[in-house]
Amino acid sequence: MLLRASSEALGEEADLGGAVGRGAGGVLHGDLLASFAELATRGGDNLPDVRAALIAAVGPEAFVDAAATVGIFNGLVRVADATGIPLDKGTLDASADFRSTLGLNEYAGARSSDLGAAEPGERPRNVEGLFGF
Amino acid sequence: MFTFDEFAHPVPDGISAAQSAAWQSVAGAGSWWSGQQRVTIARELRAARRQRSEASPSPKPSPSVSDLPAAAVEATRRIATDAHRLDRTWCDGITQELGDAAYVELVAVSVFTTVVDVFAEALGTKLEPLPRPRVGDPDKQRPAGLGDAGAWVPMTVPWRGPNVARALSLAPNEQRGFMGLVGSMYAMADFAELVWDRPLSRPQVELVAARVSAVNECFY
């Protein structure tokens, strides 16, 4: 959802299938970034090769940014899954159109959110709107 | 502070400081677990992650490396390996054994260890040695004013902002440590901006975040 919103803010179109391993997300070096995210999460023999390729493609500073994102999101998903926290209402509404298409509603954790309460409508155009700041 | 010496390029001081602080906090007594127990939780978490990544024809879990209560070992292992399959019934059973606040503190220690270890593995550096436990007793302090946010454990209500930022409300010190990690590794001062002036563009960062969530089969 923030992938789509931030892509739109740049005048680009996100390819949301990149989130579930279908495509490159519509972003520069998306294929490498997605492969790195997957391998650094699951582990795999070719992680060193993908790491080296990503550093060569985006530079070390951006690579550290990617590694930090992988690290913290492996924590964030566990906080959410272990506490059974429901999805924020703004996010529930804004993601209704693609959750089903991408198969996200089939994840076991979907039981913690009231999917029937989603009110898809005009999507918030900023982060505050999504999270109700 | 963590130095990440084996990585050939600089790591921002903010990341190093936040991870070092989280690591040191693991070593000290919390509200419900001693420093020794918290470091043992980190060791169990690490053992479970290692076992998950080892290709083995037998998925039988190895014996526990600790004398933690069985429910704590079970919770730590499940958080490490299949957090997406947890449900309210399971959580109710664990919190009946441990207490809800002790469970949330255990979640936090498990998450700190996960974040530190996954980041090191992503960089290609060795895992940090587990911290040396500090002496001290848990303070048994339970925060007041929490309520039902529709989750499995009580949280701060009312709330404005991403739900996940209040998920550890029952362990306020751990919540601060966790948000320190989040603030240094992802949601910095520009979190509300959709266009970032960072080495990676925001869509690139969000693709990585979304892929990690999907690999973990996390609905949130």
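As the structure is a prediction and not an experimental result, all values here were calculated from the model.

What counts, and at which threshold
The written sequence of each chain sets the order in which its residues are numbered from 1. In the order they appear in the text, chains get letters beginning with A and ligands get numbers beginning with 1. Note on the predicted model: pLDDT of at least 70 is required for a residue's local features to be given, and 80 or more for side-chain atom pairs to be given and counted; whole-chain, interface and lining totals, by contrast, use all residues. Secondary structure counts use DSSP, requiring at least four H or I residues in a row for a helix and at least two E residues in a row for a strand, with both numbered from the N terminus. Three exposure classes are used, all based on how many other C-beta atoms lie within 10 Å of a residue's own C-beta (placed from the backbone): buried at 20 or more, exposed at 12 or fewer, and partly exposed between those limits. Think of it this way: build a C-beta for each residue from its backbone, and any pair within 7 Å is a contact. In this analysis, the expected span of each helix is defined as 1.5 Å times one less than the number of residues it contains.

> Quick rundown of the overall build of chain A? Include the residues and the values.
Along chain A, the regular secondary structure elements total seven helices and zero strands. Going from N to C terminus, chain A has its helices and strands arranged as α-α-α-α-α-α-α. The principal-axis extents of the C-alpha atoms in chain A amount to approximately 45 × 35 × 25 Å. Within chain A, buried positions represent 50% of all 133 residues.

> So, the interface of chain A and chain B: which residues are in play, and what are the values?
Every contact between the two is made by 69 residues of chain A and, on the other side, 67 residues of chain B. Listing elements by their share of the side of chain A that touches chain B, those giving two or more residues are α1 (2-9), α2 (30-42), α3 (47-58), α4 (60-83) and α7 (127-131) of chain A.

> Help me get a handle on α4(A), residues and values and all.
Residue and element names in this part refer to chain A. In a regular helix each residue adds 1.5 Å, so 24 residues correspond to 34 Å; α4 covers 35 Å between its end C-alpha atoms and thus fits that length. Most of α4 is tucked away, with 22 of its 24 residues classed as buried. Just past α4, the residue Gly-84 takes up positive phi, approximately 65 degrees.

> Please set out unusual backbone geometry residue by residue, giving values where relevant.
A cis geometry characterises the amide bond from Val157(B) onward to Pro158(B), with omega recorded as -10 degrees. The topology assignment puts Pro158(B) in the loop between β2 (155-156) and α6 (172-185). The phi torsion at His29(A) lies on the positive side, around 60 degrees, for a residue other than glycine. In this fold, His29(A) is placed in the loop between α1 and α2. The exposure class of His29(A) is partly exposed, given the 19 C-beta atoms found within 10 Å. The phi torsion at Lys140(B) lies on the positive side, around 55 degrees, for a residue other than glycine. By secondary structure assignment, the location of Lys140(B) is in the loop between α5 (100-123) and β1 (146-147).

In short, the description is geometric, and any link to function would need to be established separately.
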